[in-house]
Amino acid sequence: LRTILMGPPGAGKGTQAPKIKEEFCVCHLATGDMLREQVEKKTPLGVAAKKIMDAGGLVSDDIMVNMIKEQLENNKECKNGFVLDGFPRTVPQAQKLDGMLAERKEKLDSVVQLLIDDQLLISRITGRLVHPASGRSYHKIFNPPKKPGVDDITGEKLIQRSDDNAETLARRLKTYHTQTGPVAEYYKAKGLWHGVDASQSPAVVWDNLRSIFTTKK
Ligand code: AP5
Ligand code: ZN
């Protein structure tokens, strides 16, 4: 399976992608998680990226394309395919991905966009808790951890992302509609696009995703 999971901040990409990874034995490449790892390590890229992420902007296309390229080439989990989460976010990123896949003689199976109204996203974003090391996310109300404030699996502390506030969310949404909206059009033109209603429960969203992937292998 080679697929792209698109959607606005809080749509559920990071909630659903691990299920796809598990069910189809593919790698889950989340560019936001990769950037947050750099921020955590305080690398020069991480320091520069943090400012951009906290402002709700986008890190440069070349940097993001190289991150994905490196993973596709070296991450053994990608042997059976991949689910991309948060990439491509601009049309130039989508074009570069096409070039990369053509070189590898691989093709995308599908592109799924999680569809949800902006006004439903504020409560999802402001209630989110994440486990930084694994990228697992929870929600204070919609998906609470077994013990408050700690990861179910490792027992480590959960944190709030520094870009998860109302002001940065508004900027991230604007960036999504202006820069990432055209990416959906790009894949519609190629006949690869599917839309899924992301306002439903995580279990219903997962059922709908799975049926797309199993009918269109
Ligand atoms: P990124 O980390 O990709 O953030 P994002 O796109 O804003 O998406 P989120 O992670 O906020 O949302 P999600 O869809 O994963 O939601 P989740 O499943 O956690 O990127 C961060 C930044 O990095 C960008 O702003 C940019 O600056 C930079 N960047 C990244 N990639 C880039 C690229 N390719 N190019 C340039 N820059 C890049 O769910 C949210 C919450 O809702 C959780 O609490 C969850 O429990 C809950 N929830 C999930 N589903 C449901 C449901 N069905 N019902 C109720 N609650 C739900
Ligand atoms: Zn995410």
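Presented here is a report on the structure given in the accompanying data block.

Scoring rules and cut-offs
Residues numbered from 1 in each chain as written. Chains lettered and ligands numbered in written order. Predicted model: local features only at pLDDT ≥ 70, side-chain atom pairs only at ≥ 80, totals over all residues. Heavy atoms only, no water. Buried < 20%, exposed > 50% of the residue type's maximum accessible area, 1.4 Å probe, protein only. Helix = DSSP H or I, 4+ residues; strand = E, 2+ residues; numbered from the N terminus. Arc of directions from axis to C-beta. Contact = heavy atoms within 4.5 Å. Pairing = 2+ DSSP bridges. Near = heavy atom within 4 Å. Polar contact = N/O pair within 3.5 Å; in protein donor to acceptor, adjacent residues only side chain to side chain. Areas by Shrake-Rupley, 256 points an atom, 1.4 Å probe, with all protein chains shown as cover. Phe/Tyr/Trp six-rings, centres within 6.5 Å; stacked < 30°, edge-to-face > 60°. Lys NZ or Arg CZ within 6 Å of the ring centre and 35° of its normal. Axes fitted to C-alpha atoms, helices over the stretch in contact; angles between N-to-C directions. Parallel < 35°, antiparallel > 145°, perpendicular 65-115°, else oblique. Left-handed = near helix turned anticlockwise from the far one by under 90°. Nonpolar A, V, L, I, M, F, W, Y, C, P; charged D, E, K, R; others polar. Expected span 1.5 Å × (residues − 1).

Along helix H3 (residues 44-54), the residues classified as buried are Gly46, Ala49 and Met53. Angular distribution of buried residues about the axis of H3 spans 65°; they occupy a single face of the element. Among the exposed residues of H3, those oriented more than 90 degrees off its buried face are Pro44 and Lys51. On the buried face of H3, the contacting elements are helix H2 (31-41) and helix H7 (166-189). Just downstream of H3 lies Gly56, where phi reads positive at about 75°.

A separate point is the pairing of strand E3 (residues 82-85). The alternating pattern of E3 places Phe82 and Leu84 and Val83 and Asp85 on opposite faces, both of which are buried. The pairing of strand E1 (residues 2-6) with E3 spans four bridges and is parallel. Residue pairing for E3: Thr3 is matched across the bridge by Val83. Relative to E3, strand E2 (residues 27-30) is paired through four bridges, and the arrangement is parallel. Counterpart to Cys27 in the pairing with E3 is Phe82.

Here the focus is the site of ligand 1. Within the structure, ligand 1 sits among 34 residues, and Thr15, Gly57, Arg89, Arg128 and Tyr138 are positioned closest to it. Contacts to ligand 1 include Lys13, whose backbone N or O atom sits 2.8 Å from an oxygen atom. Between ligand 1 and the protein, one listed contact pairs a nitrogen atom with a backbone N or O atom of Val59 at 3.2 Å. Within the complex, 95% of the 1000 Å² of free accessible area of ligand 1 lies under protein. Listing elements by their share of the shell around ligand 1, those giving two or more residues are helix H1 (13-24), H2, helix H6 (121-126) and strand E6 (136-139). Of the residues forming the shell around ligand 1, the biggest block, four residues, is contributed by H2.

With that settled, consider the packing of aromatic side chains. What the rule picks out here adds up to two aromatic pairs. Ring centres 5.8 Å apart and planes at 85° place the aromatic pair Phe24 and Phe213 in the edge-to-face group. In this pair, Phe24 is assigned in helix H1 and Phe213 in helix H8 (residues 202-215), connecting sequence segments 189 residues apart. Residues Phe24 and Phe213 agree in their burial class; the two are buried. Ring centres of Tyr186 and Tyr187 lie 5.1 Å apart, and the angle between their planes is 85°; this geometry places the pair in the edge-to-face category. The exposure classification of Tyr186 matches that of Tyr187, with both residues buried. The ring of Trp193 is capped by Lys188, whose NZ or CZ atom sits 4.4 Å from the centre of that ring.

With respect to topology, five strands assemble into an open sheet ordered E2-E3-E1-E4-E7, the strand pairing being parallel. Looking at strand neighbours, the two that pair on one side only are E2 and strand E7 (193-197), the edges of this open sheet. Direction aside, neighbouring strands of the sheet carry axes that sit 20° apart on average. Lying over the sheet, H2 contacts E2 and E3, oriented at roughly 65° with respect to E2.

Attention now moves to the packing of H1 against H8. Following both chains from N to C, one finds H1 and H8 inclined at 45°, their axes separated by 11 Å at the closest point. With respect to their mutual orientation, H1 and H8 come out oblique. In this structure, the crossing between H1 and H8 has a hand that is right-handed. Residue-level contacts link Thr15, Gln16, Lys19, Ile20, Glu23 and Phe24 of H1 to Pro202, Val205, Trp206, Leu209, Arg210, Phe213 and Thr214 of H8. Grouping the constituent residues of the contact of H1 with H8 by class yields seven nonpolar, three polar and three charged.

For Thr168, the position within the fold is in helix H7. Dropping the residues within four chain positions of it, Thr168 is found in contact with Met53, Asp54, Ala55, Gly56 and Asp163.

Moving on to H8. Taking 1.5 Å as the rise per residue, H8 with 14 residues should run 20 Å; its terminal C-alpha atoms sit 20 Å apart, in good agreement. Taken as a whole, H8 has its buried residues at Val205, Trp206, Leu209, Ile212 and Phe213. In an axial view of H8, the angular spread of the buried residues amounts to 125°, which keeps them on one side of the axis. Its buried side turned inward, H8 meets E1, H1, strand E4 (110-115) and E7.

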